[in-house]
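For reference, the chains in residue letters:
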Amino acid sequence: MKKLKINTWTAILNIVNCVLFTISWFVIFGAAFSDAFGATNGATNGAAGLFYAMAWVGVILNAICIYQSHKYGIKMTGGILGTIGNVCFGLTAALAFPAIILLVISCVFLFQQHSVKNNGGSTHEQQ
């Protein structure tokens, strides 16, 4: 069975997103307090924009992983969980905790890259 580099790199991005999503609340709230007290203008939007952009990049890469995994007969669980986790955060930062949990589980599956077996026990191969 072929190991896909896109799955490995997407798993690494999901780990980076876990770290970013963990610190996102502190950065966004810090920027909001700075905006409230007049220290800067629009810092909250800029800070939040970076985190949301990373989430949507994660959605795109995980979607590519789903397609490639299906094409090469690898379980799609990691890509699906990664997509859901990144969409959760991409919609609202309030879902950072569930997103982090989903991304951690996603990384495990993306790194493993187990093959899909059909009823006969053989792996699906690209023809």
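For the structure itself, consult the block above.
Residues numbered from 1 in each chain as written. Predicted model: local features only at pLDDT ≥ 70, side-chain atom pairs only at ≥ 80, totals over all residues. Heavy atoms only, no water.

A.B. asks: Even after reading the chapter, I still don't get the overall build of the chain, so can you show me in this structure?
C.D. replies: In terms of helices and strands, the chain carries four helices and zero strands. The N-to-C order of helical and strand elements in the chain reads α-α-α-α. For the chain, the proportion of its 127 residues judged to be buried stands at 35%. Of the contacts made within the chain by residues no fewer than 6 positions apart, 73% connect residues no fewer than 24 positions apart. Of the roughly 7,300 Å² that the chain leaves accessible, carbon and sulfur atoms contribute 71%. (Helix = DSSP H or I, 4+ residues; strand = E, 2+ residues; numbered from the N terminus. Buried < 20%, exposed > 50% of the residue type's maximum accessible area, 1.4 Å probe, protein only. Contact = heavy atoms within 4.5 Å. Areas by Shrake-Rupley, 256 points an atom, 1.4 Å probe, with all protein chains shown as cover.)

A.B. asks: Mind showing me how you'd approach the nonpolar core here?
C.D. replies: Soluble globular proteins: nonpolar side chains tend toward being buried together. In terms of nonpolar packing, the biggest core is built from 14 residues, with Phe-21, Ile-28, Phe-51, Phe-89 and Ala-99 touching the most fellow members. With near-sequence residues (within four places) excluded, Phe-21 lies in contact with Phe-51, Ala-55, Asn-86, Phe-89, Ala-96, Ala-99, Ile-100 and Leu-103. (Core = buried A, V, L, I, M, F, W, Y, C linked by side-chain atoms within 4.5 Å.)

A.B. asks: Please clarify how helix α3 (residues 77-91) should be interpreted in this entry.
C.D. replies: Working note: α-helix, 3.6 residues per turn, so residues spaced by three or four point in the same direction. The terminal C-alpha atoms of α3 lie 21 Å apart, and with 15 residues this matches the ideal 21 Å at 1.5 Å per residue to within 8%. Among the residues making up α3, those that are buried are Gly-78, Gly-79, Leu-81, Gly-82, Thr-83, Gly-85, Asn-86, Cys-88, Phe-89 and Gly-90. (Expected span 1.5 Å × (residues − 1).)

A.B. asks: Teacher, can you tell me more about a nonpolar patch on the surface here?
C.D. replies: On the surface, Trp-9, Ile-12, Ile-15, Val-16 and Phe-111 cluster together into a nonpolar patch covering about 470 Å² of accessible area. Residue contributions to the nonpolar patch peak at four residues, all from helix α1 (residues 5-36). (Patch = residues over 30% accessible without salt bridge, like charges linked within 9 Å, V, L, I, M, F, W, Y side chains within 5 Å. Salt bridge = Lys/Arg side-chain N within 4 Å of Asp/Glu carboxyl O.)

A.B. asks: Explanation requested: the state of the cysteines in the structure shown.
C.D. replies: Counted according to the given criterion, the structure contains zero disulfides. No disulfide involves Cys-18; its sulfur sits 5.5 Å from the nearest other cysteine sulfur, which is in Cys-107. Residue classification places Cys-18 among the buried residues on the basis of a relative accessible area of 9%. Look at Cys-107 and you get buried, because its relative accessible area is 6%. (Disulfide = S-S within 2.5 Å.)

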